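Each chain, written out:
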Amino acid sequence: MRASLLQIDVDEAESVDARRQRVASLVRRQTGSDLVILPELWTTGAFAYESFDTEAEPLEGPTYEVMAKAASDAGVWLHAGSIPERVTGADGAPGGLYNTSLVFSPSGDLVATYRKIHRFGFDKGEAVLMGAGSELVTVRLPETTVGLATCYDLRFPELFRGLVDAGAETLVVSAGWPERRRSHWTLLARARAVEDQAYVLACGTAGAHAGVPQAGYSIVVDPWGEVLAEAGAGEEVLVVEFDPGRVGVTREQFPALKDRLLGVAAPRR
Ligand SMILES: O=C(O)CCC(=O)C(=O)O
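Remember, predicted model here, so these are calculated numbers, not experimental data. (Residues numbered from 1 in each chain as written. Predicted model: local features only at pLDDT ≥ 70, side-chain atom pairs only at ≥ 80, totals over all residues. Heavy atoms only, no water.)

S.K.: Can you help me understand the site of the ligand in this one?
M.R.: Taken together, Glu40, Phe47, Lys116, Phe120, Cys151, Tyr152, Arg155, Gly176, Trp177, Pro178 and Arg181 are the residues near the ligand. The backbone of tyrosine 152 places a nitrogen or oxygen atom 3.0 Å from an oxygen atom of the ligand. Contact with the protein chains removes 99% of the 290 Å² of surface that the ligand exposes when unbound. Of the pockets mapped on this structure, the ligand occupies the largest cavity. The residue inventory of the shell around the ligand, partitioned by class, reads six nonpolar, one polar and four charged. (Near = heavy atom within 4 Å. Polar contact = N/O pair within 3.5 Å; in protein donor to acceptor, adjacent residues only side chain to side chain. Areas by Shrake-Rupley, 256 points an atom, 1.4 Å probe, with all protein chains shown as cover. 1 Å grid on protein atoms, 1.4 Å probe; cavity = no way out; pocket = protein on both sides within 12 Å on 5 of 7 lines; lining within 4 Å. Sits in = over half its atoms within 2 Å of the grid points. Nonpolar A, V, L, I, M, F, W, Y, C, P; charged D, E, K, R; others polar.)

S.K.: What is the right way to look at the sheet that holds strand 4 (residues 94-104) in this model?
M.R.: Where strands meet in a sheet, backbone hydrogen bonds hold them as pairs that are either parallel or antiparallel. Pairing in this open sheet of six strands is mixed, and the strands run 5-4-3-2-1-14 from one edge to the other. The open sheet has two free edges, formed respectively by strand 5 (110-115) and strand 14 (236-241), since each of these has just one partner strand. Strand after strand, the sheet turns through a mean of 30° between neighbouring axes, direction not considered. Sheet topology places strand 2 (residues 35-37) next to strand 3 (residues 77-88); three bridges connect them, and they run parallel. Counterpart to valine 36 in the pairing with strand 3 is leucine 78. (Pairing = 2+ DSSP bridges. Helix = DSSP H or I, 4+ residues; strand = E, 2+ residues; numbered from the N terminus. Axes fitted to C-alpha atoms, helices over the stretch in contact; angles between N-to-C directions.)

S.K.: Would you explain helix 3 (residues 62-74) in this entry?
M.R.: Note: α-helices contain 3.6 residues per turn, so residues at a spacing of three or four share the same orientation. Taking 1.5 Å of rise per residue, the 13 residues of helix 3 would be expected to cover 18 Å, and the 18 Å separating its terminal C-alpha atoms lies within 8% of that figure. Within helix 3 the residues assigned to the buried category are Thr63, Tyr64, Val66, Met67, Ala68, Ala70, Ala71 and Ala74. Along its buried surface, helix 3 packs onto helix 1 (16-28), strand 3, strand 4 and strand 5. Looking one or two residues beyond helix 3, the residue adopting positive phi is glycine 75, at roughly 70°. (Expected span 1.5 Å × (residues − 1). Buried < 20%, exposed > 50% of the residue type's maximum accessible area, 1.4 Å probe, protein only. Contact = heavy atoms within 4.5 Å.)

S.K.: In this structure, what is going on with the sheet that holds strand 9 (residues 199-203)? I would like to understand it.
M.R.: Read from one edge of the open sheet, six strands run 6-7-8-9-12-13, paired in mixed fashion. A strand with exactly one partner marks an edge of an open sheet, and here the two such strands are strand 6 (138-140) and strand 13 (227-230). Each adjacent strand pair in this sheet contributes to an overall mean axis angle of 15°, direction not counted. Where strand 8 (residues 170-174) and strand 9 come together, five bridges link them in parallel fashion. Bridged to leucine 171 within strand 9 is valine 200. On the sheet, helix 5 (residues 157-165) packs against strand 6, strand 7 (145-150) and strand 8 and is oriented at approximately 160° with respect to strand 7.

S.K.: Honestly, the pairing of strand 9 in this entry has me stumped. Any pointers?
M.R.: The side chains of a regular strand alternate between the sheet's two faces. Within strand 9, five of the five residues are buried, which leaves the element mostly enclosed by the surrounding structure. Going residue by residue along strand 9, you find Tyr199, Leu201 and Cys203 tucked away on one face and Val200 and Ala202 tucked away on the opposite face as well. Tracing the backbone out of strand 8, into helix 6 (residues 182-196) and back to the parallel element strand 9 gives a crossover that is right-handed. (Right-handed = clockwise from strand over helix to strand, strands pointing away.)

S.K.: For this particular structure, what's the right way to read unusual backbone geometry?
M.R.: Residues other than glycine predominantly adopt negative phi, and peptide bonds predominantly adopt the trans conformation. Unusually for a residue other than glycine, alanine 210 sits at a positive phi of about 50°. Within the secondary structure layout, alanine 210 lies in the loop between strand 10 (208-209) and strand 11 (212-213). A relative accessible area of 35% places alanine 210 in the partly exposed class. Here tyrosine 217, not a glycine, exhibits a phi torsion of approximately 50°, which is positive. Within the secondary structure layout, tyrosine 217 lies in the loop between strand 11 and strand 12 (219-221).

Printed below as a string of structure tokens:
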């Protein structure tokens with residue numbers, strides 16, 4: 001399989017609409033890849049809290065429109081990163097916000113959405129501005145089952161275990177991770193790959209927005225924990241080839257997942 005991770009520079013000097021068009025043309029250039037991945041909240045920036053409300057959109061809003069077409073033009077599976085999703089209340093009035101990821105098939109159909117479960121900010125920012133998702137989401141691609149996670153979720157191994165239990169072999173993390181904790185990003189991506197014996201494809205942002213420098217360094221890790229590809233700090237398209245069959249082989253040859261005793265209905269051996 002070939003994947004393209006688009007590590008987008010999210011800069012307030014570029015309008016959200018200009019960035020949508022620019023990112024769509026980058027997606028179109030990925031024809032030949034099987035899976036294209038975008039970062040978290042790349043329209044606004046994950047730390048541009050004041051823009052969440054003003055740039056919020058319904059699920060089938062402007063980002064959906066542009067990305068559905070880009071996926072079908074390129075003929076790729078597209079994890080279009082996440083948007084600040086505005087839901088409609090029961091009375092039809094504008095409701096709350098979620099940090100929602102969208103996945104499109106190569107024909108441009110929306111095949112999955114994932115609302116970020118662990119919101120970042122403790123008692124401020126995203127943690128108070130957005131609602132929490134509650135459902136684990138996997139997507140079946142022809143070659144592999146993909147489990148979805150967003151940024152801060154990376155710190156919660158139980159979420160990834162849940163995705164593995166749901167059949168995931170490839171774990172996609174869409175993020176807007178800050179430079180200040182870049183060492184955690186790399187370490188946690190490798191840890192999730194080793195403990196879950198799965199590929200981890202983690203795509204972050206570049207540049208700085210709302211005064212927060214972004215880490216960049218998107219990374220692809222194999223089920224043995226080896227780094228297959230890693231971006232630098234700036235905007236970059238990270239292209240990687242990987243063999244999904246290695247997940248089964250690794251789990252067979254080093255069957256640690258079968259030795260789980262906690263959190264399983266019955267030990268497997
Ligand atoms: O966990 C971290 O250090 C960063 C998380 C984050 O920036 C986010 O989830 O938006």
